[in-house]
Amino acid sequence: ALASVGLGSVPVAARVRVAVVSTGAELRDPGQALVPGTIPDSNGLLLAGLVSEHGADCASVTRSGDSAKELGEVLRRAAAGADLIVTSGGVSAGAFDPLTMLAQAGRGEDAPVRLDFVKVAMQPGKPQGHGWVRADDGRRVPIICLPGNPVSVLVSFTTIVAPALARLAGFDTDPVEGEDGALPGCPRLTARAAVAWRTPPGRRQHVPVRFTGPPSWFAVGDDAGDHSGGHVDDRAGLPWVTPSHRLGSGSHLVASLPAAQALAVVAAEVEAVDVGDALPLIPLSPSFPRHLQVRTGAPHSSRTDPSGPAVKV
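It should be emphasised that the depicted structure is a prediction, and the values quoted were computed from it without experimental measurement.

**Some words on the overall build of the chain**
For the chain, the helix and strand inventory stands at 4 helices and 18 strands. Looking at the 313 residues of the chain, the share that counts as buried comes to 47%. Taking the intrachain contacts of the chain between residues at least 6 apart in sequence as the baseline, contacts between residues at least 24 apart amount to 68%. Of the roughly 15,300 Å² that the chain leaves accessible, carbon and sulfur atoms contribute 54%.

Written as C-alpha cells, this is what we have:
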C-alpha cells in the first residue's frame, strides 16, 4: 500500500515496553490455593491486559514481597527490558510499605530508585506515585505507582498511564482545541445518567458504567431504541448509562469491572448526579459499542463537565 502511493519509507517507532510489578507478600497466583492472609494477584493480569489493549508490549509481569531490598531488586530487573514500569499496591505511604522505604532511601543523584507520592483529587485512585528506576545500562526508566484496589488500577491506568504510553510512543498528546477527544484518557462521548447518585466531595469521580435504556418515565421516539446495549435519547442523540455496580465507584468493587463499558466523569464540584444529567464518558475498550460514534462536541451539563485535569490535594 505504501509503495502504491510512491512512498519508499515511513517513520516508525518501536512499541513501548512495559514491565508490570505487583507488590505485597500476600499475593498468590490466580488459581493457587489460598491460606488465611493471602489473596489472588488479579492486578498483574489486569495491567498486562490493559498494556496490550493500549498498543504496548508487556515485557514482564512480576511480584515483590514487602521488603524494600527485595522490591528494589525486582524493579532493577524489570527496568532492564522496559521503557516504563507500572506497579500496583503500596502507595498509601505507610511507614513500613516497601515503596515508602525505597522513596526515603532514594534521594541522591546516585540513588537506584527515586519515588515521590502525591494525593490526587479523584475517586477512586487518590494515592499515586511516580519516579524512575536506574537500569543496569544507566537509563532512568520512568515508573508509575498505582493503588492496589482493582477499580483504582483500572481508573488510574486509563487516566494516567494511557496518556503516558501515548507520549512514550511518540504521539503528540498536547491538547488541541476541539480535538481533545482523540487523546487517551479523555472523554470521547456524552451520555445521560439513567439513575441518580451522590459523589465524593472535592474529588473528580470516575464511575464504571454500562449502557442501558432510559428511565421508564422517559418517552422514547420511534428512532431510538436498543442498539447492542445502548438506548439513545432521541432529543439529543445521547445514550443512557447506569453504574455497573449498585454501590457506585468504590475502589474495592471488583464486581463492577466485567460489565463496565465506560467511565463516567463527574467534576469535583458536583455533589450529586441527577437523572438526565449529561456525563462525559471515557470508553473502555473493547466493550465500547461500535455504533456509538465519537462526539467531542456533544452538549455537556455545566454540573458534570470536568474542566481541567484532576489536581493534587
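**Quick notes on the packing of helix α1 (residues 42–53) against helix α4 (residues 150–168)**
Between α1 and α4, the shortest axis-to-axis distance is 10 Å and the interhelical angle comes to 20°. As the angle between them shows, α1 and α4 are arranged roughly parallel. The two elements α1 and α4 cross, and the hand of that crossing is right-handed. On α4, the residues that touch S42, N43, L46, L47, L50 and V51 of α1 are P150, V153, L154 and F157. Each residue belonging to the contact of α1 with α4 can be placed in one class, and the counts come to 8 nonpolar, 2 polar and no charged.

**Digging into the pattern of salt bridges**
Across all of its chains, the model carries 8 salt bridges by this definition. Measuring nitrogen to oxygen at the nearest pair gives 2.7 Å for the salt bridge that ties R63 to D29. Of this pair, R63 sits in strand β4 (residues 57–64) while D29 sits in the loop between β2 (27–28) and β3 (39–40), and the two are 34 residues apart along the sequence. Accessibility expressed as a relative area gives 30% for R63, which makes it partly exposed. Residue classification places D29 among the partly exposed residues on the basis of a relative accessible area of 39%.

**A few points about the sheet that holds strand β9 (residues 140–146)**
Taken in spatial order, the 6 strands line up as β4-β1-β5-β9-β8-β6 in an open sheet, and their pairing is mixed. Across the chains shown, the open sheet's two edge strands, defined by having one partner strand only, are β4 and β6 (113–119). Looking at each pair of strands side by side, their axes are set apart by 20° on average, direction ignored. Of the pairings in the sheet, the one linking strand β8 (residues 127–134) to β9 comprises 6 bridges and is antiparallel in character. Looking across to β9, one finds that R134 is bridged to R140. Of the strands in this sheet, β1 (17–23), β4, β5 (84–88) and β9 are in contact with α1, which crosses β1 at around 165°. Packed on one face of the sheet, helix α2 (residues 68–80) meets β1, β4, β5, β8 and β9 and runs near 165° to β1.

**With respect to the packing of α2 against helix α3 (residues 98–105)**
Packing of α2 against α3 brings their axes to within 8 Å, and their N-to-C directions diverge by 80°. Classified by the angle their axes make, α2 and α3 are roughly perpendicular. Residue-level inspection shows A68, L71, G72 and L75 of α2 in contact with α3, the latter providing P98, L99, M101 and L102. Along the lines of polarity and charge, the residues of the contact of α2 with α3 split into 7 nonpolar, 1 polar and no charged.

**Details of the nonpolar core**
In terms of nonpolar packing, the biggest core is built from 27 residues, with V18, V161 and L165 touching the most fellow members. Mapped onto this core, the elements with two or more residues apiece are β1, α1, β5, β9, α4 and β16 (262–266). In terms of residue count, α4 provides more of this core than any other element does, 7 residues in total. Counting contributing residues, this core receives three or more from each of domain 1 (15–169) and domain 2 (189–217 + 236–292). Among the nonpolar cores identified, the runner-up in size contains 21 residues, and V21, A68, L75 and A78 belong to it.

**Here we look at the environment of P163**
Along the polypeptide, P163 turns up in helix α4. Overall, the relative accessible area of 22% leaves P163 in the partly exposed class. Taking C-alpha positions, P163 is 9.8 Å from H54, a pair spaced 109 residues apart along the chain.

**Topic: the confidence of the model for the chain**
When pLDDT is low, close inspection of the predicted coordinates is not appropriate. Per-residue confidence for the chain gives a mean pLDDT of 82; residues scoring 70 or more make up 77%. Segment residues 221–230 is flagged for pLDDT under 50; beyond a separation of four residues in sequence, or across chains, it makes 16 contacts in the model. Low confidence marks residues 293–313, where pLDDT is under 50. Its contacts with residues over four positions away, or in another chain, come to 55 contacts.

**Considerations on α1**
The end-to-end C-alpha distance of α1, which contains 12 residues, comes to 17 Å, matching closely the 16 Å that a straight helix rising 1.5 Å per residue would cover. Within α1, the full set of buried residues consists of N43, G44, L47, A48, L50 and V51. Summarising the axial view, the buried residues of α1 lie within an arc of 165°, below the 170-degree limit, and thus occupy one face. For α1, the elements touching its buried residues are β1, β4, β5, β9 and α4. For α1, the side-chain oxygen to backbone nitrogen distance between the N-cap and N43 is 3.4 Å, and the N-cap itself is D41. Downstream of α1 by a residue or two, G55 has a phi angle that is positive, lying close to 80°.

Cut-offs and rules
- Residues numbered from 1 in each chain as written.
- Predicted model: local features only at pLDDT ≥ 70, side-chain atom pairs only at ≥ 80, totals over all residues.
- Heavy atoms only, no water.
- Helix = DSSP H or I, 4+ residues; strand = E, 2+ residues; numbered from the N terminus.
- Buried < 20%, exposed > 50% of the residue type's maximum accessible area, 1.4 Å probe, protein only.
- Contact = heavy atoms within 4.5 Å.
- Areas by Shrake-Rupley, 256 points an atom, 1.4 Å probe, with all protein chains shown as cover.
- Axes fitted to C-alpha atoms, helices over the stretch in contact; angles between N-to-C directions.
- Parallel < 35°, antiparallel > 145°, perpendicular 65-115°, else oblique.
- Left-handed = near helix turned anticlockwise from the far one by under 90°.
- Nonpolar A, V, L, I, M, F, W, Y, C, P; charged D, E, K, R; others polar.
- Salt bridge = Lys/Arg side-chain N within 4 Å of Asp/Glu carboxyl O.
- Pairing = 2+ DSSP bridges.
- Core = buried A, V, L, I, M, F, W, Y, C linked by side-chain atoms within 4.5 Å.
- Domains from an automatic or database assignment.
- pLDDT = per-residue confidence, 0-100.
- Expected span 1.5 Å × (residues − 1).
- Arc of directions from axis to C-beta.
- Polar contact = N/O pair within 3.5 Å; in protein donor to acceptor, adjacent residues only side chain to side chain.

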